[in-house]
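# Structural overview
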Amino acid sequence: MEALIKNISQHVRLSPEEISVFKNIWTERTLEKGEFLLRNGDICRYDNYVISGTLKAFCINPENGNEEILFLAIDDWWATDIYSFSRQKASIYNIQAIEKTKLLQISHGSFQKLLEQIPSLERYFRIILEGYLGTLEKRIVFNNMYKAEQKYLYFLESYPDIAAKVPQYLIASYLGVSAEFISRIRKKNKSS
């Protein structure tokens, strides 16, 4: 809980009373490696903050059966199907633990009440969503305009903690390249 409060305090100030209210609304959950947080077709009932561990969000490509990685989430990140959570509609993707993962969760109803009780959290969650949207925009631009090697090097520079923690084949899927291609780039950069 302290990591989440610290994250929030970087953007908004909460009073001791608000922190007390805030703490009482969240529940802790642990996922084992391979366990699903959300499955395609289910409604995302919780917003999820990663305390520790790693999650992958993915769809299954109907043409080849491969996982298409949408995002990866590590410590101090959020892992939620925003559309499904906010609209309470069926999700179009899966979220699964890559390793044992501890989360803080808040239900959709409790989240709405929390925002009413602590209006300054509207600003915090707006900032989080703006960051997420900016990341998506960059990803679209990089996927459409840059070569695979540039995308990989940008990923390493932008997300070194993820690159150090997540298997290479998942990074390859996220970038839309083969794991073999990433191996070649890594070998090339080591020899340079």
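Overview of the structure. All figures in this text were calculated on a predicted structure; none of them were measured in a lab.

Helix and strand content of the protein: nine helices and seven strands. The C-alpha radius of gyration computed for the protein amounts to 18 Å, which stays within 12% of the reference 16 Å derived for 192 residues, consistent with globular compactness. Distance between charge centres in the protein, computed from 25 positive and 23 negative side chains, equals 4 Å.

Right, let's get into the sheet that holds strand β4 (residues 55–60). Sheet architecture is open: four strands sit in the order β2-β6-β4-β5, paired in antiparallel fashion. The outermost strands of the open sheet, each flanked by one partner alone, are β2 (36–38) and β5 (67–73). Each neighbouring strand pair of the sheet contributes to a mean axis angle of 30°, computed without reference to strand direction.

The alternating pattern of strand β6 (residues 94–97) places Asn94 and Gln96 on one face and Ile95 and Ala97 on the opposite face, and all of these are buried. Across four bridges, β4 lies against β6 in antiparallel orientation. What sits directly across from leucine 55, in β6, is alanine 97.

For the pair helix α4 (residues 108–117) and helix α5 (residues 120–145), interaxial distance at closest approach is 6 Å and the crossing angle is 120°. What the angle tells us is that α4 and α5 run oblique. Where α4 abuts α5, its residues Phe111, Leu114 and Leu115 lie against Leu121, Glu122 and Phe125. Class assignment of the residues belonging to the contact of α4 with α5 gives a composition of five nonpolar, no polar and one charged.

With that settled, the discussion passes to the environment of tyrosine 146. Along the chain, the position of tyrosine 146 falls in the loop between α5 and α6 (148–158). Overall, tyrosine 146 belongs to the partly exposed group, its relative accessible area being 34%. The contact partners of tyrosine 146, leaving out residues within four places of it in the chain, are Val141 and Lys151.

This brings us to the side chain of serine 84. Relative to the helices and strands, serine 84 is located in helix α3 (residues 82–87). In this structure the side chain of serine 84 is engaged in a polar contact, spanning 2.8 Å, whose partner is the backbone nitrogen of cysteine 44. In this structure serine 84 touches Asp42, Ile43, Cys44, Lys89, Ala90 and Ser91, once residues within four positions along its chain are discounted.

One non-glycine residue, aspartate 76, lies in positive phi territory at about 70°. Structurally, aspartate 76 can be placed in the loop between β5 and α3. Taking relative accessible area as the criterion, aspartate 76 reaches 38% and is therefore assigned partly exposed. Unusually for a residue other than glycine, glutamine 88 sits at a positive phi of about 55°. Inspection of the secondary structure puts glutamine 88 in the loop between α3 and β6.

Taken together, the side chains of Ile82, Leu129, Tyr132, Leu133 and Leu136 make up a nonpolar region of the molecular surface, amounting to roughly 390 Å² of accessible area. Top element by residues in the nonpolar patch is α5. It accounts for four residues.

Quick look at the state of the cysteines now. Among covalent bonds in proteins, the disulfide is the one between the sulfur atoms of two cysteines. This model, assessed by the stated rule, comprises zero disulfides. Looking at cysteine 44, it has no disulfide partner, and the nearest cysteine sulfur is the one in cysteine 59, 14 Å off. A relative accessible area of 4% means that cysteine 44 is categorised as buried.

Parameters at a glance
Residues numbered from 1 in each chain as written. Predicted model: local features only at pLDDT ≥ 70, side-chain atom pairs only at ≥ 80, totals over all residues. Heavy atoms only, no water. Helix = DSSP H or I, 4+ residues; strand = E, 2+ residues; numbered from the N terminus. Rg over C-alpha atoms; globule rule 2.2 N^0.38 Å. Lys, Arg positive; Asp, Glu negative; His and termini not counted. Charge placed at Lys NZ, Arg CZ, Asp CG, Glu CD. Pairing = 2+ DSSP bridges. Axes fitted to C-alpha atoms, helices over the stretch in contact; angles between N-to-C directions. Buried < 20%, exposed > 50% of the residue type's maximum accessible area, 1.4 Å probe, protein only. Parallel < 35°, antiparallel > 145°, perpendicular 65-115°, else oblique. Contact = heavy atoms within 4.5 Å. Nonpolar A, V, L, I, M, F, W, Y, C, P; charged D, E, K, R; others polar. Polar contact = N/O pair within 3.5 Å; in protein donor to acceptor, adjacent residues only side chain to side chain. Patch = residues over 30% accessible without salt bridge, like charges linked within 9 Å, V, L, I, M, F, W, Y side chains within 5 Å. Areas by Shrake-Rupley, 256 points an atom, 1.4 Å probe, with all protein chains shown as cover. Salt bridge = Lys/Arg side-chain N within 4 Å of Asp/Glu carboxyl O. Disulfide = S-S within 2.5 Å.

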